[in-house]
Each structure stands twice: as C-alpha cells, then as structure tokens.
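Listed here are the chains, written in short residue letters.
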Amino acid sequence: MFNFLQYKELRYNPHSNGRKSALYILLYLKDVFYFTSSFTHGHERNHMYKGASNSPVVDFSVFPAKDASVSTGSRVRREVWQDAPLLLTPLNSSLIDAENEHYYMKHGAVWMGTLRCPMSAPSEEGTYLRLPDFFSPDNEWRRNDKNILMAETSCNPKPPYRAWCAVESMAHQNPSLRVWYVMTAAAVEGSDGLATALVQRYPNLRPVTADLRRLFTDTPLQHVYNTCAWCYNTTWPAVNLSDMVRLALAWTAGGMYSDTDVVCIKSVASLQNVLGLSDDYKLINNGVFHFHKRHPLLRIFMETIAENFKGNQWGEIGPQALTRATNKTCGWHKLVVGSKCKGVTLLSPKAFYPIGFGAWKNAFSQIADVTLNKMYPDSYLIHMWNKVSHDKPVRKGSGSIYDTAAKTLCPLSWKTATKNSLQF
C-alpha cells in the first residue's frame, strides 16, 4: 500500500513534476513488494512515538534492511534541511537568514535506511540554523578525547530550555573541554536567539548534527541500527536510539557522556574512565560516564546489547545491559563504590545522582538557603530525572535547587526561558 504521507509530499511538492511523482510511486511499490516477499515476520510500518515534552510526533515508516551491510528503503526523495543557513560556530563564520518554508517536511521522522528528521512546520515563522557535521574532517575530537558528549535523539529542532540549560552548564563549568551537542535533526530553530547566543558566549560549545548510519558503522550496534530493530515493536524508539547513540559517540570520539536533564555544578575535567552507581546501589546508570576512545568495555557494552536486544523493555538496553556486562566481565557479584575493572572506576551515586530518582521532587521544592557546593560537596552533576519531572515546572525565583542552579550555571538559558514566562 502506498504511503499517503509520501504521496502527499510528491503531489504538493513544488519541486517535483508528474512524471517524477509517478516514477517514485512505481519505485515505492517495487520496494514494498520486495520487502513483503523477503520477510515472513511482520513489522510495524507506521509506529507513532510521542517524544518528550515539547517534542514533535515521530512517524517511523519502517523498511528494514535485508542485512546489516545494505541500507535500503523508500527511494522517495525528501528535503532534509540541506539548504538551511549554517549555525554560527567558531568553526564557521557566516550566518545567513533564509525563508523557512523550504526547510521542513511535515511529520517527525522517516526511516530510509537511516534516520531522517524532516520536521513539522512551525506555528509561526522562525529562523532555522543548519548544524555543522559532527564528522567534519577538521573537528577537534579527532585529535584528542577532551570532549563532553550530549545527544538529542527525538528529531526535535527546538530542544526544551532544560536541555539547553544542561548543555550550557557543561560548557560553563568545563571551559577546557569541548561540549558536543549532537542532534538527529539537521537544523535548530533559532528564532529566540538562544542557540546563537550560546555559541557566541561559549567558544567550547559545538552544536552539531551527525549521520547515524556513519556513527554506527563498524560497531557491534551496526546491525541493530541498520535493521531498525530499535524503532519497531517499542513505545520509546527515541530512548532506545539514545541508549545506543551514547555508546557509539563515546566509542568514536571518547570523553564524558551526559544526559540532557542535568545541571553541571563542578568541572568533570578530572574524571577519566568512570561509571556511576544508581542511587539504590543496584545498577550502573548509563546517564553519565567517561571512557577513552575505543575503550574495550564500550565494545563489550555494545556487544551485550546487540546479542540480546530487547527494545520493548524499559532500561533493558541501558542500565540493565551495562550492569550485566560489567558484572560478567569483571566477575563482580556486588557493586561496590571504588571498584576497578579494565581501568574503569565505579563512582558513588553522589557523583552524578545526588538527588535520587525517588526524591526527584526535592529539586523543585523551595529551600531557604541553596548553596550547591555545601549541599553537594562530592557531586559533579545534579540529575533532574526528566522521565518523571518533565511536567513539573521550574518556577522563576522559587528558591528551588533547580531554579537556583539554572540561574547561576546556565544563565543564558535561564534568562531566555524566563523572559516571557515565570516558569520553564
């Protein structure tokens, strides 16, 4: 059956003509026949995923590849932000305004042998800034692994202010490290001026986009990605992708990975090859970790996920997989703070999760005197647990831990978020 969204694109695309449209439809039907005859088991072709707060709806039109080495799928051509103006960074010096109407496609994402993120139309006109390529030959991560790696995997061209706050706090607290904000969208919506202001304020900040097919090539996760196993029969494809992307980024570039629901309160530059325990001491959390490039434990993590991939079970390819792989490799029967294996040290929950998952509301409660260094002397980050806290507003001037930390450690994000609102 022809995908109506693709037909609609072709029918109303001013850059296509009738002959081309008919040709693409025939090619599409050929693809459908090929895949339905090649696979005896069913796949969800139009799995809908409602991303995190403020994220668009992602529509995965899934066409699994025949094998890991072949990237196949619909041959319908799509515009993927390729002509949007380039985001101003220290690596490029031009910023051009452009009409936004040619730079988006309706519905969140489409599978074409690799993830594509043509984004939903904005409700009002804005400026779209094309992101530089993470794999650009001159990018500094190729020379050393003094990196902080963060990712946005839900095809959202306008990350929430809390995500920008996390990114800014990392850049603010770690001037000696490069902060790579790797997005699946190829452009960022910049009408509020925050993205441009951040890269101008922090010379170590690098918002980029990445070709995920290239990121996973020659890793144990290549087959899982290329067959789109992570995006069907699951409620949370963006979360599965995030669990995979963080390992591949650390494997490729090396450095500190962090989720985007944190605030960095102390430099992490001194940390080398570390993992953090969850607040119950039962799991190794994958929200923050550091590895040197090509560390053997990273390969073991990816192999563990690939060998027993369960994308429909929450945490199964995240903390559960990391904990199983580490225990098996290191011969551990109990997770003990300070334990070492293959040069990797296991840190206390205080390092990255001083406010535990079950106590997440404490970050939003009013406190008489918030002095972060005194409250969390052994911590580098405060995790805000967006999975459960995304609907809880951070109120300007509330005296909460989150508001106080944001105002001090991500000042541009906090100022932009509260410019026209008393909460974010």
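Every chain is numbered on its own, with residues counted from 1 as its sequence reads. Since the coordinates come from a predicted model, pLDDT governs what is reported: local features require at least 70, and pairs of side-chain atoms require 80 or more to be given and counted, while whole-chain, interface and lining totals use all residues. In computing side-chain properties, one takes all heavy atoms of the structure into account and sets aside hydrogens as well as water.

**Student:** What am I meant to see in the environment of D378 here?
**Tutor:** Residue placement: D378 occurs in the loop between α11 (372-375) and β16 (381-383). Partly exposed describes any residue whose relative accessible area lies between the buried limit of under 20% and the exposed limit of over 50%, with all areas from a 1.4 Å probe on protein chains only and scaled to the type maximum. For D378, a relative accessible area of 48% gives the class partly exposed. In sequence terms D378 and K266 are 112 residues apart; their C-alpha atoms lie 9.3 Å from each other. Apart from the residues lying within four places of it in its own chain, the contact partners of D378 are K266, K350 and A351. Helix and strand definitions here come from DSSP, where helices need a minimum of 4 consecutive H or I residues and strands a minimum of 2 consecutive E residues; each element is numbered from the N-terminal end. Residue contacts follow a heavy-atom distance rule, with two residues in contact if any of their heavy atoms lie within 4.5 Å.

**Student:** Would you take a moment to explain the side chain of T219 for this structure?
**Tutor:** In this fold, T219 is placed in the loop between α5 (212-216) and α6 (222-226). You can call T219 buried: its relative accessible area is 8%. Separated by 2.8 Å, the side chain of T219 and the backbone oxygen of F216 make a polar contact. Any N or O atom pair separated by 3.5 Å or less is treated as a polar contact, with the protein-specific requirement of one donor-capable and one acceptor-capable atom, and with residues adjacent in sequence counted only for side-chain atom pairs.

**Student:** Mind showing me how you'd approach the state of the cysteines here?
**Tutor:** By definition, a disulfide links the sulfur atoms of two cysteine residues through a covalent bond. The rule for a disulfide is simple: a pair of cysteine sulfur atoms within 2.5 Å. Using the criterion set out here, one finds 3 disulfides in the structure. Linked covalently through their sulfurs, C228 and C231 form a disulfide whose S-S length is 1.9 Å. The disulfide joining C228 to C231 has a torsion of about 110° about its S-S bond and is therefore right-handed. For the pair formed by C228 and C231, the shared burial category is buried. Across the disulfide, C330 is cross-linked to C341 (sulfur-sulfur distance 2.0 Å). Sign of the S-S torsion, about -95° for the bond between C330 and C341, identifies this disulfide as left-handed. Taken as a pair, C330 in helix α9 (residues 319-330) and C341 in strand β14 (residues 340-341) lie far apart in primary sequence, 11 residues in all. What makes C330 buried here is its relative accessible area of 17%. Residue class for C341 comes out buried when judged on its relative accessible area of 12%.

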